[in-house]
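# Chains, contacts and geometry: an overview
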Amino acid sequence: RLAQEGISVYSPHTALDAAPGGLNDWLADIVTGKERRRTGDSVALIPHALSVVTPVKDVPEGFVGAGYGRVVRFQTPQTLSGIIRRIADNLGVSHVNVAVPQNVPDKDKANIEIYSVGICAGSGGSMLNGLDVDLLFTGELRHHEALAAIEQGRCVITAFHSNTERNLLGSRMKSALEKEIQKEIHAMAGNKDEAVFDTSVSVAVSQKDRDPFVIVNAEDFY
């Protein structure tokens, strides 16, 4: 439909997942406290090591470190509840799905110590399966993948597929695209009179786009 209306389409979905500073690095920044959505949030960056689950081979110049999935390893353990708060705040959601090993009493779940987190935006089951980490953080995980994780002593956080992607658009992609488009316009102008080129550009982030699923109170439908 967009093409029929003369509108160009650029969809960097998987490339953005893998790019340095892209989607999965943004999720890692949320987990480590580097990304702060709330004004005045005083959370400090938590010391950690960051690695790529599946590196991309033969990457173009300027994309060293590209790859799919991320693993965060904290120097000191973080509580499960603290990580949940950072994720919910920065994804702009009020609920996330959490699974923990069944032998953990309810009163102790919030204070489970997390030393390492495996991260994959969207649907991360195949990417995160088998990682030696304490917590899996992704958009969606199949039932048996979640069961396997908690049976192995891991915790799981899922936030719905597109909820792990959407807020990147406003927080980073909008300004990055505007900057790159302006650079391309200047390059096209070359030595010509730039007065004939309109270098102003704005990128609009959809205000209507949202995950198709919402958590509801069943009593609201009675």
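Everything discussed here concerns the structure shown above.
Nothing here was measured: the structure is a model prediction, and the numbers come from that model.

### Regarding the state of the cysteines
Cysteine pairs can be linked by a disulfide, which is a covalent bond between their two sulfur atoms. Inspection of every chain in the model, using the stated rule, returns zero disulfides. Here C120 stays free of any disulfide, with the sulfur of C155 as its closest cysteine sulfur at 18 Å. Take C120: its relative accessible area is 8%, and that puts it in the buried class. The exposure class assigned to C155 is buried, which follows from its relative accessible area of 2%.

### Let's talk about the pairing of strand β6 (residues 155-158)
The side-chain alternation of β6 yields two buried faces, one formed by C155 and I157 and the other by V156 and T158. Relative to β6, strand β3 (residues 97-99) runs antiparallel, the two being bridged by three bridges. Its bridge partner lying in β6, A99 is registered against V156. Pairing of strand β5 (residues 135-140) with β6 involves four bridges; the strand directions are parallel. Paired with L136 across the bridge in β6 is V156.

### Things to note about the sheet that holds β6
Sheet strands associate in pairs through backbone hydrogen bonding, adopting either a parallel or an antiparallel arrangement. Read from one edge of the open sheet, six strands run β1-β2-β4-β5-β6-β3, paired in mixed fashion. At either margin of the open sheet sits one strand with a lone partner, and together these are β1 (48-55) and β3. Averaged over all neighbouring strand pairs, the angle between strand axes comes to 20 degrees, with direction disregarded. Of the pairings in the sheet, the one linking β1 to strand β2 (residues 67-79) comprises seven bridges and is antiparallel in character.

### Comments concerning the pairing of β2
Across six bridges, β2 lies against strand β4 (residues 113-123) in antiparallel orientation. Note that in β4 the partner of V71 across the bridge is G118.

### Description of the packing of aromatic side chains
Tallied over the full model, the rule gives one aromatic pair. Where F160 meets F213, the ring centres are 5.8 Å apart and the plane angle is 40 degrees; that geometry is what we call tilted. Of the two residues, F160 sits in the loop between β6 and α6 (167-189) while F213 sits in the segment after α6, which places them 53 residues apart along the sequence. On the basis of relative accessible area, F213 is assigned to the exposed category, the value being 57%.

Thresholds applied
Residues numbered from 1 in each chain as written. Predicted model: local features only at pLDDT ≥ 70, side-chain atom pairs only at ≥ 80, totals over all residues. Heavy atoms only, no water. Disulfide = S-S within 2.5 Å. Buried < 20%, exposed > 50% of the residue type's maximum accessible area, 1.4 Å probe, protein only. Helix = DSSP H or I, 4+ residues; strand = E, 2+ residues; numbered from the N terminus. Pairing = 2+ DSSP bridges. Axes fitted to C-alpha atoms, helices over the stretch in contact; angles between N-to-C directions. Phe/Tyr/Trp six-rings, centres within 6.5 Å; stacked < 30°, edge-to-face > 60°.

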